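Structural features, examined
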Amino acid sequence: MSDTRKLHLGAFMRPVSLHTGAWRYPGAYADANFNFAHLKSFAQKLEAAKFDAFFMADHLAVLNMPVEALRRSHTVTSFEPFTLLSALAAVTERIGLVATASTTFDQPYHIARRFASLDHISGGRAGWNIVTTANPDAALNFGFDDMVEHEERYSRAREFFDVVTGLWDSFADDAFIRDVDSGIFFDPDRMHVLNHKGRELSVRGPLNIARPPQGWPVIVQAGQSEPGRQLAAETAEVVFCSPRDLSAGKALYADIKGRLEAVGRGRDTLKILPAAFIVIGDTVEEARQKRLMLDSLVHYDSAIASLSIALGHDASGFDPDAPLPPIPETNASKTGRAQVLKLAEEEGLSVRQLAQRYGGYAGLSFVGTVGTIADEMEAWVSQDGSDGFNIVFPYLPSGLDDVVGRLVPELQRRGLFRKEYEGTTLRDHLGLARPENKFFPSK
């Protein structure tokens, strides 16, 4: 199967599971989000399985949800990403280390310096997940009364990218001579002062750190909005996204990849990795029962609120243990409503089970045996639905152990995933070229 298109695998590790009930699952580490020993073991297991990257999302506020729901959430506490990933860099050797950093509530000089440092410390394994931040509670933590408008956030993000990458290119790769005999440490002619003055930002530069080993840390973006897709086409090298099924994945893949040519980029310069929630059983039915048990750990009071939002209709008065009754049309999202109805019909779920699904994790899921899940993954990659997946684990450690110990060997047997790393940097893993220095091009 040498001609088989190989897929890429990232691990979504903050929170360690997006499922609300994950911390309550039998045998799960309830404190996994904030226990370095556990996180270290997870990263090392993922590296042993040859994962491309360990991805740490970040939030700049306690999540904005009712306190009755929040008090049941394991996302309340987590490490600051650069601190954690720097520590993990010291106990791993190959796996990529990707962190979220906000272009709305931080400054480009800070971002450029932190990611350059992480790339140097890790030997070229850093990735920057660009986000504009949509949580209104985050705005309150940074001196704003309201969230910055959507268009303004994306305008700033585009300029922010130019500034950060310009700062990473402050020094030519050969700028640091370190000639002991002459006493010359670096060549000033190989240093560029950015002097950026734009609509949103003013940054002199240069960055006070050498150019990162990868040239630039890998640029990652999450989001599927129209501005987000265009920003991804112009700037991103990896897109984390959340299409709900293969049809939606193919449409998103075609749209984003189709924009690359218009901005002068090749299709292989950007990888699209949807989030995929994976539950493995010895049989499909066993996997489904694991999923139902996990969903049952989501408290109904908070779960029914999530279902009501998805339906665009108050579901609190429905019989929890009966099938979903007819739902009248509303002005809410018709797509979201249709997805709920489809799920209820396909899996025969009661109102309670539907609510717990939407209150737990309602995104793309592969629930089955290693064989059926490998079949689905292969279909996504072969039919241009994705270039791989950003794996969401249902619970830890056993959910992660199932993926690295059972699913990955099956993907390797089929020739769909690497058996060994082919390089040392995150760019090597993803097949991405090292970017040319904008100010000191190769001779």
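Summary of the structure given here. Note that the structure is a prediction, hence the values are computed from the model and not measured.

1. What about the overall build of the protein chain?
The number of helices and strands found in the protein chain is 15 helices and eleven strands. On C-alpha atoms alone, the protein chain measures out to a radius of gyration of 23 Å, which is about the 22 Å that the 2.2 N^0.38 rule sets for 443 residues. Dimensions of the protein chain, computed from the C-alpha atoms along their principal axes, are close to 80 × 55 × 45 Å. Considering only residue pairs separated by 6 or more positions, the protein chain has 77% of its internal contacts joining residues 24 or more positions apart. With an accessible surface of roughly 19300 Å², the protein chain has 52% of that area assigned to carbon and sulfur atoms. Averaging the positions of the 47 positive and the 57 negative side-chain charges in the protein chain gives two centres separated by 2 Å.

2. Some remarks on helix H4 (residues 108–122)
Note on helix geometry: an α-helix contains 3.6 residues per turn, so any two residues three or four positions apart are oriented the same way. Counted at 1.5 Å a residue, the expected span for H4 with its 15 residues is 21 Å, and the 21 Å between its end C-alpha atoms agrees. Looking at the buried positions of H4, the neighbouring elements they touch are helix H3 (81–89), strand S3 (96–102), strand S4 (126–131), helix H6 (150–168) and strand S6 (202–203). Immediately beyond the C-terminal end of H4, within one or two residues, lies Gly123, with a positive phi of roughly 75°.

3. A look at the pairing of strand S10 (residues 365–368)
Where a strand is regular, its side chains alternate between the two sheet faces. Going residue by residue along S10, you find Phe366 and Gly368 tucked away on one face and Ser365 and Val367 left uncovered on the opposite face. With four bridges connecting them, strand S9 (residues 271–280) and S10 associate as parallel partners. Bridging from a neighbouring strand, Val279 pairs with Val367 of S10.

4. With respect to empty space enclosed by the protein
Applying the stated criterion to the full structure yields two cavities of 30 Å³ or more. For the largest cavity, the calculated volume is near 60 Å³. Along the walls of the largest cavity sit Gly10, Asp52, Ala53, Val98, Val220, Val238, Phe240, Leu273, Leu426 and Leu430, which together make up its complete lining. Taken together, the elements giving at least two residues each to the lining of the largest cavity come down to strand S8 (238–241) and helix H15 (426–430).

5. A word on the layout of surface pockets
Space inside the second largest pocket adds up to approximately 810 Å³. The wall of the second largest pocket is formed by 23 residues, among which Leu343, Glu346, Glu347, Arg357 and Ser365 lie closest to the centre. Of all the secondary structure elements, the ones that give two or more residues to the lining of the second largest pocket are helix H9 (284–296), helix H11 (334–347), helix H12 (351–360), S10 and helix H13 (370–382). With five residues, the single largest contributor to the lining of the second largest pocket is H11. Looking at side-chain class alone, the lining of the second largest pocket contains eleven nonpolar, three polar and nine charged residues.

6. Overview of the environment of Gln44
Checked against the element boundaries, Gln44 lands in helix H1 (residues 36–48). Separated by 104 residues in sequence, Gln44 and Val148 place their C-alpha atoms 39 Å apart. Among all residues touching Gln44, those that are not within four sequence positions of it are Val91 and Thr92.

7. Thoughts on the pattern of salt bridges
In total, this model carries 29 salt bridges according to the counting rule given. In this structure, Asp384 and Arg5 form a salt bridge, with 2.9 Å as the shortest nitrogen-oxygen distance. Separated by 379 residues along the polypeptide, Asp384 in the loop between H13 and strand S11 (388–392) and Arg5 in the segment before strand S1 (8–12) bring together distant segments of the chain. You can call Asp384 partly exposed: its relative accessible area is 34%. Of the residues examined, Arg5 reaches a relative accessible area of 31% and is grouped as partly exposed. Among the salt bridges present, the one from Glu410 reaches Arg414, with a minimum N-O distance of 2.7 Å. Here Glu410 and Arg414 have matching classes, each one buried. The network of salt bridges with shared partners includes Asp375, Glu378, Glu410, Arg413 and Arg414.

Parameters and conventions
- Residues numbered from 1 in each chain as written.
- Predicted model: local features only at pLDDT ≥ 70, side-chain atom pairs only at ≥ 80, totals over all residues.
- Heavy atoms only, no water.
- Helix = DSSP H or I, 4+ residues; strand = E, 2+ residues; numbered from the N terminus.
- Rg over C-alpha atoms; globule rule 2.2 N^0.38 Å.
- Contact = heavy atoms within 4.5 Å.
- Areas by Shrake-Rupley, 256 points an atom, 1.4 Å probe, with all protein chains shown as cover.
- Lys, Arg positive; Asp, Glu negative; His and termini not counted.
- Charge placed at Lys NZ, Arg CZ, Asp CG, Glu CD.
- Expected span 1.5 Å × (residues − 1).
- Buried < 20%, exposed > 50% of the residue type's maximum accessible area, 1.4 Å probe, protein only.
- Pairing = 2+ DSSP bridges.
- 1 Å grid on protein atoms, 1.4 Å probe; cavity = no way out; pocket = protein on both sides within 12 Å on 5 of 7 lines; lining within 4 Å.
- Points joined across faces, edges and corners; volume = space filled by probe spheres on them.
- Nonpolar A, V, L, I, M, F, W, Y, C, P; charged D, E, K, R; others polar.
- Salt bridge = Lys/Arg side-chain N within 4 Å of Asp/Glu carboxyl O.

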